[in-house]
Amino acid sequence: MWLVTLLLLYSLQEVHSEDAASTRLYFVNASLQRVTYSSSVGVSLPCPAGGTPSAILRWYLATGDDIYDVPHIRHVYANGTLQLYPFSPSAYNSYIHDNDYFCTAENQAGKIRSPNIRIKAVFREPYTVRVADQRSMRGNVAVFKCLIPTAVQEYVSVVSWERDTVSIVPGNRFSLTSFGALYISDVQKEDALSTYRCITRHKYSGETRQSNGARLSVMDPNESSPSILDSFQGGEVYAGQSIELPCIAGGYPSPTVRWLKDGRPLPSDARWTRRLTGLTVSDLRQEDSGNYACEVTNSFGSKEVSGQLHIIDPLRVTLSPKNLKTGISSTLFFTCTVEGSPEYTINWYRNTEPIFPDQHISIQGQHNDTLQITAAQKFHSGAYQCFASRKGHTSQDFSIILLEDGTPRIVTSFSERVVNPGEPFSLVCEAKGAPPPSITWTLDDEPVVRDSTYKTSQYTQSDGLTVSHVNVSNPLIRDGGVYRCVARNSAGSAEYQARINVRGPPRIRPMRDMTAVAGRNTYITCRVIGYPYYSIKWLKDGMQLPDNHRQVLFDNGTLRLTDVQKGADEGTYLCSVLIQPQVSINQTVHVTVKVPPLIQPFDIPSTSVGKLIYIACVVSSGDMPIRITWHKDGQLIVPGPTSGVAIETKEFMSSLQISKVTLKHNGNYTCIASNAAATVSWERQLIVTVPPRFVVQPNNQDCIYGKAGVLNCSVEGYPPPKVMWKHAKGVGNPQQYHPVPLTGRIQIMSNGSLLIRHVLEDDRGYYLCQASNGVGSDISKSMILTVKIPAMITSHPNTTMARKGQTKELNCTARGEQPIIIRWERGDTVIDAERNPRYSITINKKADEVISTLKLNPADRGDSVFFSCHAINSYGEGRGLIQLTVQEPPDPPELEVREVKDRSMNLRWIQRFDGNSIITSYDIEYKNKSDSWDHMYTTRNISPTNNQANIVELHPACVYSIRMYSYNKIGRSLPSKELTISTEEAPPDGPPMDVILQPMTSQSIRVTWRISEF
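Treat the numbers as computed from the prediction; the structure is a model and nothing was measured.

Asks: Looking at this model, I keep getting lost on the nonpolar core. Mind explaining?
Replies: One broad rule of soluble globular proteins: the nonpolar side chains tend to lie buried together. Counting residues in each nonpolar core, the largest one holds 34 residues, and the members touching the most others are Leu25, Trp59, Tyr101, Ile112 and Ile119. Of all the elements in the fold, those that place two or more residues in this core are strand 3 (20-27), strand 4 (34-38), strand 5 (43-45), strand 7 (56-61), strand 9 (82-84), strand 10 (98-107), strand 12 (117-122) and strand 42 (393-404). Within the second largest apolar cluster, 23 residues are counted, among which are Ala518, Leu561, Val564 and Val591.

Asks: Can you help me understand the sheet that holds strand 45 (residues 425-432) in this one?
Replies: The pairing of strands in a sheet happens through backbone hydrogen bonds and is either parallel or antiparallel. Taking strand neighbours across the sheet as the criterion, the 4 strands line up as 43-45-49-48 in an open arrangement whose pairing is antiparallel. Whereas interior strands pair on both sides, the edge strands pair on one side only; in this sheet they are strand 43 (409-412) and strand 48 (454-460). The average undirected angle you get between the axes of adjacent strands in this sheet is 25°. Of the pairings in the sheet, the one linking strand 45 to strand 49 (residues 466-472) comprises 7 bridges and is antiparallel in character. Residue pairing for strand 49: Cys429 is matched across the bridge by Ser468.

Asks: I keep staring at the environment of Thr1008 and nothing clicks. Help me out?
Replies: Inspection of the secondary structure puts Thr1008 in strand 98 (residues 1004-1010). Once the C-alpha coordinates of Thr1008 and Pro992 are considered, the two residues, 16 residues apart in sequence, prove to be 9.5 Å apart.

Asks: Is there a simple way to think about the pairing of strand 34 (residues 316-320) in this case?
Replies: Burial of strand 34 is one-sided: the residues Val317 and Leu319 facing one way are buried, the residues Arg316, Thr318 and Ser320 facing the other way are not. Direction of pairing for strand 34 relative to strand 36 (residues 332-339): antiparallel, over a ladder of 5 bridges. Bridging across to strand 36, Leu319 finds its partner in Cys336.

Asks: Can you walk me through the state of the cysteines in this structure?
Replies: Put plainly, a disulfide is one covalent bond tying together the sulfur atoms of two cysteines. Considering all chains together, one arrives at 9 disulfides under this definition. Linked covalently through their sulfurs, Cys526 and Cys575 form a disulfide whose S-S length is 1.8 Å. Where Cys526 bonds to Cys575 through sulfur, the torsion about that S-S bond is close to -90°, and the disulfide is left-handed. Residue Cys526 is found in the loop between strand 54 (522-524) and strand 55 (528-531), and its partner Cys575 is found in strand 60 (residues 571-580); the two are separated by 49 residues along the sequence. Cys575 carries the same exposure label as Cys526, and that label is buried. For Cys812, the disulfide goes to Cys869, at an S-S distance of 1.7 Å. Measuring handedness by torsion sign, the sulfur bridge of Cys812 and Cys869 sits at about -60° and is left-handed.

Asks: I'm lost on unusual backbone geometry in this one. Help?
Replies: Most peptide bonds take the trans configuration, and most residues that are not glycine carry a negative phi. Following Met624, the chain continues into Pro625 via a peptide bond in cis, with omega recorded as 0°. Tracing the backbone shows Pro625 in the loop between strand 64 (613-621) and strand 65 (627-632). Note the cis peptide between Tyr718 and Pro719, where omega equals -5°. By the secondary structure assignment, Pro719 is in the loop between strand 74 (714-718) and strand 75 (722-728).

Asks: Sorry if this is basic, but what is going on with the sheet that holds strand 60 here?
Replies: If you trace the 5 strands from one edge of the open sheet to the other, you get 53-61-60-56-57, paired in mixed fashion. Each having just a single partner strand, strand 53 (514-517) and strand 57 (543-545) make up the two edges of the open sheet. Taking each pair of neighbouring strands and ignoring which way they run, the sheet shows an average axis angle of 35°.

Asks: Is there a simple way to think about the packing of aromatic side chains in this case?
Replies: How two aromatic rings sit relative to each other is set out by the distance from centre to centre and by the angle between their planes. Per the counting criterion, the structure on display carries 21 aromatic pairs. On the basis of an interplanar angle of 20° and a centroid distance of 5.3 Å, the ring pair of Tyr926 and Tyr937 is categorised as stacked. Note that Tyr926 is positioned in strand 92 (residues 921-928) and Tyr937 in strand 93 (residues 937-942), a separation of 11 residues in sequence. Taking the relative accessible area as the measure of exposure, Tyr937 reaches 46% and is therefore partly exposed. Across the ring face of Trp933, the terminal group of Arg963 is positioned such that the distance to the ring centre comes to 4.0 Å.

Reading the values: rules and limits
- Residues numbered from 1 in each chain as written.
- Predicted model: local features only at pLDDT ≥ 70, side-chain atom pairs only at ≥ 80, totals over all residues.
- Heavy atoms only, no water.
- Core = buried A, V, L, I, M, F, W, Y, C linked by side-chain atoms within 4.5 Å.
- Buried < 20%, exposed > 50% of the residue type's maximum accessible area, 1.4 Å probe, protein only.
- Helix = DSSP H or I, 4+ residues; strand = E, 2+ residues; numbered from the N terminus.
- Pairing = 2+ DSSP bridges.
- Axes fitted to C-alpha atoms, helices over the stretch in contact; angles between N-to-C directions.
- Disulfide = S-S within 2.5 Å.
- Phe/Tyr/Trp six-rings, centres within 6.5 Å; stacked < 30°, edge-to-face > 60°.
- Lys NZ or Arg CZ within 6 Å of the ring centre and 35° of its normal.

Shown next, in the form of structure tokens:
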């Protein structure tokens, strides 16, 4: 047996959101994972999670189902406290009273969940505890154990031991172990004169039990090899706790004990303590794991007991990063570090929902301890939790992630400037974004390549700022122009540009022909290098620009064309740079304008099943050739009998035809037109309406109280019909229907049926299932729900007393659907009143209740047991447990003589059975053996705490008869077994008195005297 000292650990974990320090989530008791309570007491359990500002606290079953209120059974308060009320065995529901729960806390920061908490109700069960008689040699150790039934071992513990009804105080030769055993060291003969009892207490109900009285047989020492009286086995214990390894042996000579760990003597450590009870190790560490052996040896042999001890570190989880604020489209990595036992499983949650791999998320690592999110989106924000579990123990940590628009922005840039050839210059561009952006450079739209001319550098600071430089140490004329820095990340891009002029003869870099899209904006840049120059102007067809409102010429010589038009803007453009008075340099560029398709808007009218529909998509403009396709709900439509769709396409028009519309044709239809310039689309929804109709109609139904029930009602139609349930109480004609309040207990299922998770009596009555979708008339159908009540015991005494020999009645009241059968049991045996005339059972029906009376005539000592009444009907069974105590006068004490002298004796007694009533006193009677008990002597009202007495003023060399009585509040016991003793002889107290000599004859004298009084 291992004895483990359990410690309840409380932890406080919290995370502050970076954008709002006042918003946080935390756990007040993250280690709470098991709650056991008495069904007769109930339990109140605060939510172990919380938040600031006030978080919304909710309880769920481990399956994810919401917790719903059940009147007088279960309730969740507004502050998140879960209340489970006391209940009778007939109201037991494993779904409620023996299940895994968890609680969540939710606010702006996210949503976290506690580990699963096993909540289990324990019933008041009949049980007895027992102590077996033991044998020991004088001088050895005696071991008494309190034998507790396996069914209640988890909840019942030993609180004390008694010796002859007096509590044993540990010390001297008596030791009480932490696992409930009693050790008596250096056993003496007198130890056999006492009885030993254990007292237990139920952890949850508080009930106490007293065992039978056990005796110790003490033998004279007899040479023998050691025998193991109490030992230990292997097991697992958490680090930081304490453990006691019992090892007690008997034998003669008394065995010596030696402890070994992994075959070697125990190391010297103050944490290891050798006691009479065995070996105690405190503050356990992982290095304490190993094989422990206890060797007991004397001159006649040896014995050994061993066990493998595994020290397990409690799981501790750390999730990093702890708090992260980054941008949409970022790549995120979470690392779940687990300390403690190497054997564990990891599960990931986001806002209390399990995380599964998808196109954004991957879970990696040997233990699934790394979570990666690629191209994170806004919906990936929230609270992330990592749970590590091992054999019912769970530890977790969480992190708050905030994703925001992380599009880069330029925060520091450079300005236009003029430099001389050979004069170094440096350009800087700083950008922020999430994730931190990277920066690239171009010169007149050509990439800046790091070489002997251009030195580039880039780094990211701790605050996420990206800094990039371009350094030109020996610039030439060709190194002048428009420098542009572009900051990019997964969320987008930003750019900045300015001209750097290097003095020297101006010229224009060659310009490539370009293509513009009609209806959009385009820019034409004149790539001038060298400085100074006088002006830049643009011409088209010999006319200087701008010549209309759609053309804008910037100071740097860039020409913008707004809302490009094919006829007006297509052609050759001339850039003319005036470098000296009357001297210009020129360069041309050809702009080709492509016209994208333009779809004429269209609508799709609603229709109904069986009708024909024709949809035309007309392209009113755009460069040919134009390709037109159709999609439905994002998927390409393939015409034919499978789809039921025909498509006819010409150069600039396509028509979609459905000859017989069905429900499968509901959806979004998109016409897509493409040419060399662009791809455009036009989308509209086709709604095929169908009036509601019943697939499954409601029918009258029976449901069982306390169980789940489903009222069937399935409808179809399009748009999907909305189902409403109404309820009219009563069993006659329905008077007035009211909408059914939808709570956690009552919900409408996806198919329209009504789910009642825990049926109550008030749920009986008429129900109306009504469906509508705006097409045609509403439909409805009524039904009657009958609630069947399982048999349940509503009244019975928990404990009751009876006098031996008198008549005793036990009553149980039951209710539920008739007929109800009530069965009585004594212990585990069914009572058959017909075969045992001492019992009689009567039944009395009153309204909807059945009262059963069990009569015992007469009550006997053996009736001090648990009686149970069982109510049974077609829908369930209820049980009432009654503890009957039959009281009577006590059994006579067992009297024995310890010592006899000439004028006194010492008596000792043992009180076996107290008649189930506390002993109040004892009487001792004694007389000369030759006398009748009418001439007795009496010692009265001896205290019940005494178990021995001295009788004095006896006469030497006399024979006495002795007997004894016990008293309790019921009466006096029978006399004990009569003992006969003889006092020892003693010398007279003085010489003979009143000596008289009287002559009788000439040779004789008669001498008479009186002896001295004793």
